[in-house]
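Reading the structure
The residues making up each chain are set out below.
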Amino acid sequence: MNKLILIFAILAFVLPSGLYGQQINKAEAGIFLLKGGELELMDDGRIKADLLIQDGLIKEIAENIDHPTAQRIDCNGLIVFPGMIDSGTRLGLGEVGSISLTQDHNEIGTYTPQMQALTAVNPNSVSIPVTRVNGVTSVLTVPSGDRFPGTAAMIDLLGYTPNQMYSGFKGLVFNFPSAGRRGWWDSRSEDEIKKAEKKQWDEIKDFWDKAKLYNKIIAGGKKPDYNPQLQAMVPVLNKEMPLLIEVNERKAILSAIKWGSEQEIDYILTGVSEGYLVADSLAKYDVPVITGPVLNNPSRNSDHYDVAYSNAGKMQKAGVRVAIRTNETENVRNLPFNAGFAAAYGMEWKEAFKAVTIMPAQIFGVDDKYGSLERNKIANLFVADGDPFEPKTDIKYLFIRGYNIPLESRHSYLYDEFLEREPGLDGN
Amino acid sequence: MKTLHIYFFVFFVFGLISAQSETGDVLIKNGTLITITDGVKENTDLLIKNGKIDKIGKNISTGDVKTIDATGMYVMPGIIDAHSHIAIDAVNEGTNPNTAEVWVGDALDPYDINIYRALAGGVTISHAMHGSANAIGGQCETIKHRWGVMNPEEMRMEGAVRTIKFALGENPMRVHGEGGRIMPATRMGVEQVFRNAFSEAQEYMKAWEDYDNGKSDMAPEYNIRMEAVSDILKGDLMIHCHSYRADEILMLMNVLRDFGVEKICFQHVNEGFKVAPELAEFGAYASVFSDWWAYKFEVYYSTAYNAAILTKNGVITSINSDSRELIRHLYHEAAKSQRYGGLTDNEALRLITLNPAIQLGIDDRVGSLEKGKDGDVVIFDKHPLSVYAIPQMTFVDGVVRFDINSDPADMRIEVDPNETMPAFMEAVDHEHDDSCLQGLNELLFDK
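Residues numbered from 1 in each chain as written. Chains lettered and ligands numbered in written order. Predicted model: local features only at pLDDT ≥ 70, side-chain atom pairs only at ≥ 80, totals over all residues. Heavy atoms only, no water.

1. Section: the sheet that holds strand β7 (residues 123–128) of chain B
Residue and element names in this part refer to chain B.
- Reading across from one edge, β6-β7-β9 is the order of the 3 strands in this open sheet, with mixed pairing throughout. Looking at strand neighbours, the two that pair on one side only are β6 (79–84) and β9 (141–144), the edges of this open sheet. Sheet twist, expressed as the average angle between the axes of neighbouring strands with direction ignored, equals 20°.
- Here 4 bridges tie β6 to β7, and the two strands are oriented parallel to one another. Opposite S84, over in β7, you have A128 as the bridge partner. (Pairing = 2+ DSSP bridges. Helix = DSSP H or I, 4+ residues; strand = E, 2+ residues; numbered from the N terminus. Axes fitted to C-alpha atoms, helices over the stretch in contact; angles between N-to-C directions.)

Dropping the structure here:
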């Protein structure tokens, strides 16, 4: 961590002044003392206390902190929240939706687990500041595509290189085959659908067996032929990296639990839009779930209108560990509103807030550093004048890795420039 | 002969009856009324009779009118979506840069489940629009969400202003220039499509005028496309124009000035904020997304503060959905104008009530809680700009069309008996494209 700060300090020093302010004003390094705010501690409620940020960490939380050099920030009447984590996005991997050459999340090929999302993260994506000003400080950025599209990475929304942004978790994506019709345009017969599914599974089994064999050869101390696809599977087979199994339909979820439990691997289910129908099974096998977007249409015409709103809450109440994602690129900023809708439709507020903070941190195994306001955790946090799920609430301060981040983005700059445009009408 | 007259009479009466839609009576007691035009009234009653707001006041008592206790609840006018594509089963006639003659009103689908889902989000009226494949697209239809009717005629909002879809920028350029190698391939070409159509329509109108005045002996050939474009020039058909960039917005206003067209509502209009003073001067309306951007290049330089900038510059602005998903929570989309630009509660709620009503030319009928207006009302359990607000009941013409306490899962009216394997929509990767290319995207581009 200290090394990272050093890199930042050096970068700040050597960056030519021409780059300064090109997009967003610089983040401010320093020691910050947040005085008099209420701290959101989730299971421990809200307490009034001071919080000291130093060396990129939450250095201390106590009732009355004094520090000789720290910059004091008056938080009276405000609430301090841990930064929110979106557990499924394409942030940094896509810039302009319809222009394919700006889209880096979807590689060609059916089995491409070696594709690294982290490689293609654009630290200067305009969407990053747009996202973080709403209190989202970290995201999982995920490749999409065919069967095994690649490896996702968790990043903090600050930094000038992907490695700087990387926050220590990776997961390998597996798009679980879904039986059934994909939509009104899917005109295949029932028979064709079943045949297609069987073919998919034959391929998956073949690939999986090869990966296991490859891993066995390595474990035996031998060097197999160069095979990047199979090599990418090794950390999963050795339980060093979980499989992120994207699955949504009820029956497919049950198959995924069965399949996942049969393999000797760690796995997380993602999507899980019909999880509410099989919540007991998810709870029984203690399968962690990343679900969302909450602001989404039902998957079936016969569904109740609120199934996407209420899904997360129903699973959580059944005892499932649930994190909430947006599955977004440029509008990851809507994460708090997705959590808000889950809270409106049955999830307790505290549980909805955990679903975008400590729960993803725990599921990703980085809760020693992320997800709550605790001493020695990374100082990813924000200060607001109210409930961050409410659109009316204002975010007042934002810290990522202890840096004081300006609450600016291209969107706010355009507001500043055009609210009272000069020159106005006809040059006046 | 006499019997024939009677037959005609019977047919005439039946025709009137069948187009007549159901109205209802209801008394909503003791709610917090958000009137939009006359402030917020606490502990107030609202009486709807024969589908119209009959009385607003304290302690209204009536005979045996169905009464709903709205104590602790918020009552507001039904939400209006000035841009959607639900309840129609054809969106784009993408075969010519000008298809002014087609009309989505010919393709209304009362069975579309999205109507019910919109009602569950408090939306009582939507503007079912033609798509944006053509510079001059088809005519649109303003519909009331009378879920449960099976006659498409009963969905139309009787008396609504006639509207037609125009489109600027990438979509018509992509479909016709890139796709068909014909004009328009550029924003220059888009301008000329309009100028050509308006000029031809002027000649067409002149030819008919000459014939009608006896100046010419031969009747001109009847042209249904030119009839529609003529109606625009006469002010009988209002333009709603899909638009993004500031330059193309200015272009169309200049064309309209040259041809004497005075009314327009720009749709999407993501860069409207850059030319807000010009829009205000023209008197043009703007119907925008709350926060969509970056799904194509022409919306890369846009801002979620668009609605706030436009509003504060005096442009009559609405927030629309253009999406089966967003239409379900337009109250939340309106609330984002408070995060992005700090609009007041009333300014924010006007974006989804009175302002879209003005844009659709139906503000004498709907958009606020006022005596004499239609009984289109939604009841929320919390303030509608709160993320925790849930619509409880939605009324159209005083008839309950959504009630959260009588809301089974499967609300389809029509179920296909041959459907053995029902479609399951996987979580959509990325729905954030304007659905204006609907029908073309799925069939032409993505495959």
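2. What to know about the domain arrangement of chain B
Residue and element names in this part refer to chain B.
- When cut into domains, chain B gives domain 1 (20–78 + 367–407) and domain 2 (79–365).
- Summarising the inter-unit geometry, the C-alpha centres of domain 1 and domain 2 are found 29 Å apart.
- Each side of the interface is counted separately: domain 1 has 29 residues, and domain 2 has 33 residues.
- Buried area between domain 1 and domain 2, both sides added, is near 2500 Å², and the carbon and sulfur share of it is 59%. (Domains from an automatic or database assignment. Contact = heavy atoms within 4.5 Å. Buried area = accessible area lost by both parts, 1.4 Å probe.)

3. Examining the pattern of salt bridges
Residues and elements named next belong to chain B.
- Within this structure, the stated rule accounts for 50 salt bridges over all chains.
- Close ionic contact of R245 with D247 constitutes a salt bridge, the shortest N to O distance being 2.8 Å.
- The network of salt bridges with shared partners includes K52, K144, R146, E158, R365, D374, D376 and D397. (Salt bridge = Lys/Arg side-chain N within 4 Å of Asp/Glu carboxyl O.)

4. Here's the deal with the state of the cysteines
Residues and elements named next belong to chain B.
- A full pass over the atoms with the stated rule returns 0 disulfides over all chains.
- The structure places no disulfide on C241, whose sulfur is separated from the nearest cysteine sulfur, that of C265, by 9.6 Å.
- Exposure remark for C241: the relative accessible area of 0% places this residue in the buried category. (Disulfide = S-S within 2.5 Å. Buried < 20%, exposed > 50% of the residue type's maximum accessible area, 1.4 Å probe, protein only.)

5. Observations concerning unusual backbone geometry
- The residue after G292(A), namely P293(A), is reached through a cis peptide bond having omega 5°.
- With an omega dihedral of 10°, the bond running from M183(B) to P184(B) counts as a cis peptide bond.
- Positioned with a positive phi, K239(A) is a non-glycine residue whose angle comes to about 60°.
- Positionally, K239(A) belongs in the loop between α6 (228–237) and β12 (243–247).
- For K239(A), a relative accessible area of 46% translates into the label partly exposed.
- A positive phi angle, close to 65°, is found at A87(B), a residue other than glycine.
- Position of A87(B) among the secondary structure elements: in the loop between β6 and α2 (113–119).

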